[in-house]
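Architecture and fold: a report
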Amino acid sequence: MDMQRLATDFAGIKMATPVMGASGTFGFGVEYSDFLDLNHVGAIISKGITPLPRAGNDGVRIAETPSGMLNCIGLENPGIDVFLRDILPKVRKTAPGTTFIANFSGSSVEDYGMMAEKLDVDGVDGIEVNISCPNVKEGGIVFGTDPKAAAAVTEMVKTHTSKPVIVKLSPNVTDITVMAKAVEAAGADAVALINTLTGMVIDINSWKPLLGNVTGGLSGPAVKPIAVRMVYQVANAVKIPILGLGGIATAEDAIEFLLAGASAVAVGAENFVHPDAVVKVAEGIDTYLEKRGLKNVSELVGKVKIN
Ligand SMILES: Cc1cc2nc3c(=O)[nH]c(=O)nc-3n(C[C@H](O)[C@H](O)[C@H](O)COP(=O)(O)O)c2cc1C
């Protein structure tokens with residue numbers, strides 16, 4: 001890989017490549033060290049961290065679909081204090097050179113401010129604010145579907161951190177550009193899209209929903225065209241950079257997002273199929289750039305030809 005061709009500055013966050021491991025599918029990054037070279041990972045985006053430890057939802061949490069998966073994990077995580085005390089030092093020891101982005105959420109606007117302040121520490125290179133988790137009863141999705149609430153969370157986070165702030169948007173809205181514009185106006189440094197699309201599976205033998213939470217979030221190849229369309233729309237609506245994700249499995253998938261207007265991408269569900277996917281996608285982008293004589297991945301961003 002030509003690291004100069006892939007070097008990316010995403011909203012002031014410097015990365016070796018434009019390809020990150022998506023929140024909730026890449027652990028805290030270190031779990032993947034047997035499968036790939038963490039120095040070739042653009043950024044590790046952590047599992048969603050919450051103010052207190054969470055056990056997640058009861059019952060079945062994963063259901064496969066013909067072209068993707070539904071999950072209703074329910075933000076299982078050890079909580080911010082254990083993250084800062086035990087996990088972050090381990091990440092920094094195992095992957096000292098890898099960019100690390102902490103994904104988090106809260107149940108109130110105040111929670112988001114408190115979390116941003118606690119995460120304003122060395123070793124965290126940027127923060128991703130999850131206002132779009134469809135699988136928890138309190139908070140999460142509420143902030144992700146109301147532009148005023150999304151703006152309030154963004155403003156609160158911005159006043160409590162010195163880190164670049166990425167706000168992760170929900171696709172479960174009528175017009176995602178309204179949400180993107182609201183968080184941009186509130187000071188977000190970047191947006192990430194998409195989180196999962198709410199779905200449901202029913203067991204026809206028991207007549208019960210398959211998932212313990214009744215509904216879950218759909219991700220994987222099935223959501224990719226929707227995600228690319230949303231990235232394209234948001235790229236035409238805001239000036240801040242976009243982290244594009246949703247169904248990326250190959251370099252070709254990632255390149256579509258870049259052409260649509262994403263400055264960087266993340267691989268989610270595909271990590272469960274191919275745990276080296278984040279690096280393989282970066283390698284494929286590099287080969288594509290080389291073949292076309294392009295010097296840096298930024299030359300692809302937003303270059304889709306309309307007309
Ligand atoms: C099992 C699982 C857990 C997830 N957990 C989180 C999370 O904690 N925080 C978050 O912002 N997104 C979470 N996501 C959403 C992903 O980061 C990503 O936005 C979504 O899955 C779409 O990308 P994909 O189709 O490549 O998986 C999770 C997704 C999956 C599949």
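Please read these numbers as outputs of a predicted model, since none were measured by experiment.

1. Some details on the overall build of the protein chain
From N to C terminus, the protein chain includes ten helices and 16 strands. Over its C-alpha trace the protein chain gives a radius of gyration of 18 Å, about what one expects of a compact globule, namely 19 Å for 307 residues. Projected onto its principal axes, the C-alpha coordinates of the protein chain cover approximately 55 × 45 × 40 Å. Counting across all 307 residues of the protein chain, residues that qualify as buried make up 54%. At a minimum sequence separation of 6, the contacts of the protein chain that also span at least 24 residues come to 72%.

2. Some remarks on the packing of helix 6 (residues 176–185) against helix 7 (residues 224–235)
With their axes 9 Å apart at the nearest point, helix 6 and helix 7 run at an angle of 50° to one another. Considered as vectors, helix 6 and helix 7 are oriented oblique to each other. Handedness of the crossing formed by helix 6 with helix 7: right-handed. Packed against helix 6, whose contacting residues are Ile176, Thr177 and Ala180, the element helix 7 presents Met230, Gln233 and Val234 at the interface. Residue classes in the contact of helix 6 with helix 7 are distributed as four nonpolar, two polar and no charged.

3. Remarks on the sheet that holds strand 6 (residues 68–71)
By definition, the strands of a sheet pair up through backbone hydrogen bonds, in either a parallel or an antiparallel sense. One open sheet holds the four strands; their spatial order is 5-6-14-11, and the pairing between them is antiparallel. The sheet terminates laterally at strand 5 (62–65) and strand 11 (197–200), the two strands that pair on one side only. Pairs of neighbouring strands in the sheet enclose a mean axial angle of 40°, with direction left out of account.

4. As for the sheet that holds strand 7 (residues 100–104)
In spatial order, the strands read 3-4-7-8-9-10-15-16; together these eight strands close into a barrel with parallel pairing. Recorded for the sheet is a direction-independent mean angle of 25° between the axes of neighbouring strands. Pairing analysis gives three bridges linking strand 9 (residues 165–168) to strand 10 (residues 190–193), with the strands arranged parallel. Pairing of Val167 across the sheet is with Val191, part of strand 10. Taken strand by strand, helix 10 (residues 277–291) contacts strand 3 (19–21) and strand 16 (264–267), and its axis lies near 175° from that of strand 3.

5. Quick notes on the environment of Leu210
Along the chain, Leu210 falls in the loop between strand 13 (208–209) and strand 14 (215–219). Its 19 C-beta neighbours within 10 Å are what place Leu210 among the partly exposed residues. Note: C-alpha distance between Leu210 and Arg61 (149 residues apart in sequence) is 8.7 Å. If we ignore the near neighbours within four places in the chain, the residues touching Leu210 are Val60, Ala63, Val201, Ile202 and Asp203.

Rules behind the numbers
- Residues numbered from 1 in each chain as written.
- Predicted model: local features only at pLDDT ≥ 70, side-chain atom pairs only at ≥ 80, totals over all residues.
- Helix = DSSP H or I, 4+ residues; strand = E, 2+ residues; numbered from the N terminus.
- Rg over C-alpha atoms; globule rule 2.2 N^0.38 Å.
- Buried ≥ 20, exposed ≤ 12 C-beta atoms within 10 Å, placed from the backbone.
- Contact = placed C-beta atoms within 7 Å.
- Axes fitted to C-alpha atoms, helices over the stretch in contact; angles between N-to-C directions.
- Parallel < 35°, antiparallel > 145°, perpendicular 65-115°, else oblique.
- Left-handed = near helix turned anticlockwise from the far one by under 90°.
- Nonpolar A, V, L, I, M, F, W, Y, C, P; charged D, E, K, R; others polar.
- Pairing = 2+ DSSP bridges.

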